[in-house]
Amino acid sequence: MRKLLASASIGAMAVLLSVGAYAQEGTVAKAVGGYTFEQAAKEAPETKNFHSADGHLTFAIVTHTAGNGFFDPVYVGATVAGNMIGAKILLLGSESPTDDPQREIEILNQIVQDPTIDGIIMTTPQVGAYNDIVKTAEKNGILVATTNSFDDTIYNRSGISHTGQDASAAAIGGAALAKCVLDKGVEKGSIILPSSTAMGNIEVNNRVTAAFNAIVKTLNDAGKLQNFKVDAGPENVGVDANPQDPVNSIVSLFESRGDVVGAFTANNVFTPALAKAVAQIGKTGEICAYGFDLGPAQQDAIRSGDLTGSLGQQPFLQGFWPVMQLYLQIDRGISAANLDTRAQLVTKKDVELVGKRYEN
């Protein structure tokens with residue numbers, strides 16, 4: 001037996017040694033240019049003294065609402081990235097639970113004058129409102145990246161990286177809502193898309209339009225469109241609802257129509273309100289209710305059935321990547337590179353897989 005064990009040990013060692021030998025084959029020791037990869041991977045000596053020249057990088061991330069929890073994982077992602085590169089991250093934003101771009105702009109106008117700031121990451125929900133901030137940042141030697149909401153008119157757009165989900169992803173939720181209605185065997189009724197253009201968020205408006213178009217297409221493809229009234233308002237950017245009292249606004253819409261079989265909401269203000277409205281009128285499991293974002297309120301509503309499903313946009317990445325992009329611009333001279341954080345449709349069957357590491 002000992003001889004067998006000894007033979008087995010020798011055989012196992014020979015296999016390991018041979019695997020190690022194979023693993024070394026084809027190893028690239030140096031770049032074609034003659035430098036080693038270990039040398040090239042080192043941070044540039046001057047990186048930590050970019051702009052502020054204080055021996056460390058400082059990035060500020062500013063959002064238009066820090067009061068409803070959506071941006072919590074964004075701040076977590078930014079913090080994780082900052083820890084990886086040894087940068088100080090300032091977490092800033094409006095304290096409001098609803099969109100407050102004016103307060104965000106006030107904060108941005110202050111920090112863009114701060115000589116200790118090396119880079120700014122900002123959300124841009126109000127199209128056309130950020131050009132002076134970007135110009136001032138450029139004049140002061142501060143780099144800029146945008147995240148979450150997208151302003152394609154912003155000054156120097158091609159030189160500024162953007163991280164976020166394309167609004168067209170809302171079509172996934174719209175199609176799922178229409179399929180839900182069809183799968184229930186519902187033959188007629190109203191499908192509404194409550195929102196508020198008064199919030200001034202072009203990204204949300206575009207989501208509503210994308211979801212509306214997908215609902216119409218799915219019902220039309222099934223030969224059922226004529227049986228339903230799909231209402232996203234006169235310009236297909238939302239049936240007007242009050243962001244200061246979203247639950248009662250949606251309840252009023254349900255009661256005034258009297259035949260609502262489906263509803264879609266496009267942000268973190270109206271989606272939890274949609275779930276509460278469904279529960280309040282006693283239609284849990286009857287109305288196909290889909291929304292946006294995957295904060296704690298949405299996850300609880302999916303579990304209870306008040307919300308049929310919701311779309312996530314991987315907000316952790318919306319904090320993590322902009323920090324890394326600014327760092328790469330400073331340390332590597334890598335030009336602005338966008339990241340589409342894609343869509344994630346979550347229903348009761350997979351809600352327990354969400355949020356394990358603060359990512360949604």
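Residues numbered from 1 in each chain as written. Predicted model: local features only at pLDDT ≥ 70, side-chain atom pairs only at ≥ 80, totals over all residues. Heavy atoms only, no water.

What follows deals with the environment of Ser 195. Mapped onto the fold, Ser 195 is located in strand 7 (residues 194-195). The contact partners of Ser 195, leaving out residues within four places of it in the chain, are Val 204, Val 208, Val 237, Gly 238, Val 239, Asp 240, Ala 241 and Phe 270. (Helix = DSSP H or I, 4+ residues; strand = E, 2+ residues; numbered from the N terminus. Contact = heavy atoms within 4.5 Å.)

All told, the structure shown has two cavities of 30 Å³ or more when counted by the stated rule. The space that makes up the largest cavity amounts to roughly 130 Å³. Along the wall of the largest cavity there are 15 residues; nearest its centre are His 64, Asp 99, Asn 267, Asn 268 and Asp 293. Looking at the second largest cavity, its volume works out to about 50 Å³. Looking at the second largest cavity, the residues that line it are Gly 69, Phe 70, Pro 73, Leu 294, Gly 295, Gly 312, Gln 313, Gln 314, Pro 315 and Asn 360. Residue composition of the lining of the second largest cavity, grouped by class: four nonpolar, six polar and no charged. (1 Å grid on protein atoms, 1.4 Å probe; cavity = no way out; pocket = protein on both sides within 12 Å on 5 of 7 lines; lining within 4 Å. Points joined across faces, edges and corners; volume = space filled by probe spheres on them. Nonpolar A, V, L, I, M, F, W, Y, C, P; charged D, E, K, R; others polar.)

Another aspect to go through is the state of the cysteines. Inspection of every chain in the model, using the stated rule, returns one disulfide. Sulfur-sulfur distance for the disulfide between Cys 180 and Cys 288 comes to 2.1 Å. With the S-S bond torsion at -80°, the cross-link from Cys 180 to Cys 288 turns out left-handed. Taken together, the positions of Cys 180 in helix 6 (residues 170-183) and Cys 288 in strand 11 (residues 288-292) put the pair 108 residues apart, joining distant regions of the chain. As far as burial versus exposure is concerned, Cys 180 and Cys 288 are alike and both buried. (Disulfide = S-S within 2.5 Å. Buried < 20%, exposed > 50% of the residue type's maximum accessible area, 1.4 Å probe, protein only.)

A few words now on the sheet that holds strand 1 (residues 58-63). Read from one edge of the open sheet, six strands run 2-1-3-4-5-13, paired in parallel fashion. With partners counted over all chains shown, the strands left at the sheet margins are strand 2 (88-93) and strand 13 (339-340), one partner each. In this structure, strand 1 lies alongside strand 2, joined through six bridges in parallel fashion. Looking at strand 2, one finds that Ile 61 is bridged to Leu 91. Helix 4 (residues 101-111) rests against strand 1, strand 2 and strand 3 (119-123) of the sheet, and its axis sits at about 160° to strand 1. (Pairing = 2+ DSSP bridges. Axes fitted to C-alpha atoms, helices over the stretch in contact; angles between N-to-C directions.)

Attention now moves to the packing of aromatic side chains. Following the criterion strictly, the structure yields three aromatic pairs and no others. With centroids separated by 4.8 Å and ring planes inclined at 85°, the aromatic side chains of Phe 70 and Phe 71 adopt a geometry described as edge-to-face. Overall, Phe 70 belongs to the buried group, its relative accessible area being 9%. Ring centres of Phe 316 and Phe 320 lie 6.0 Å apart, and the angle between their planes is 15°; on these two criteria the pair is classed as stacked. Of this pair, Phe 316 and Phe 320 both sit in helix 11 (residues 315-332), four residues apart, roughly one helical turn. The ring of Tyr 155 carries Lys 135 above its face, with NZ or CZ at 5.3 Å from the centroid. (Phe/Tyr/Trp six-rings, centres within 6.5 Å; stacked < 30°, edge-to-face > 60°. Lys NZ or Arg CZ within 6 Å of the ring centre and 35° of its normal.)

This part covers the layout of surface pockets. The space that makes up the largest pocket amounts to roughly 280 Å³. Along the walls of the largest pocket sit 15 residues, with Phe 150, His 162, Gln 165, Asp 166 and Glu 203 positioned nearest its centre. When contributions to the lining of the largest pocket are tallied by element, the ones reaching two or more residues are strand 5 (162-164), helix 7 (202-221) and strand 13. Examining the composition of the lining of the largest pocket, we find that three residues originate from one element, helix 7, more than from any other. Residue composition of the lining of the largest pocket, grouped by class: five nonpolar, five polar and five charged.

So, on to the sheet that holds strand 10 (residues 260-264). Read from one edge to the other, the open sheet built from six strands follows the order 8-6-10-11-12-14, with strand pairing classed as mixed. The open sheet has two edge strands, strand 8 (228-231) and strand 14 (344-347), and neither has a second partner. Ignoring strand direction, the axes of neighbouring strands in this sheet form an average angle of 15°. Taken together, the three bridges between strand 6 (residues 189-192) and strand 10 define a ladder with parallel strand orientation. In the strand pairing of strand 10, Ile 192 is matched with Ala 263. Each of strand 11, strand 12 (309-312) and strand 14 is contacted by helix 10 (residues 296-304), which is oriented at about 150° to strand 12, the strand it contacts most.

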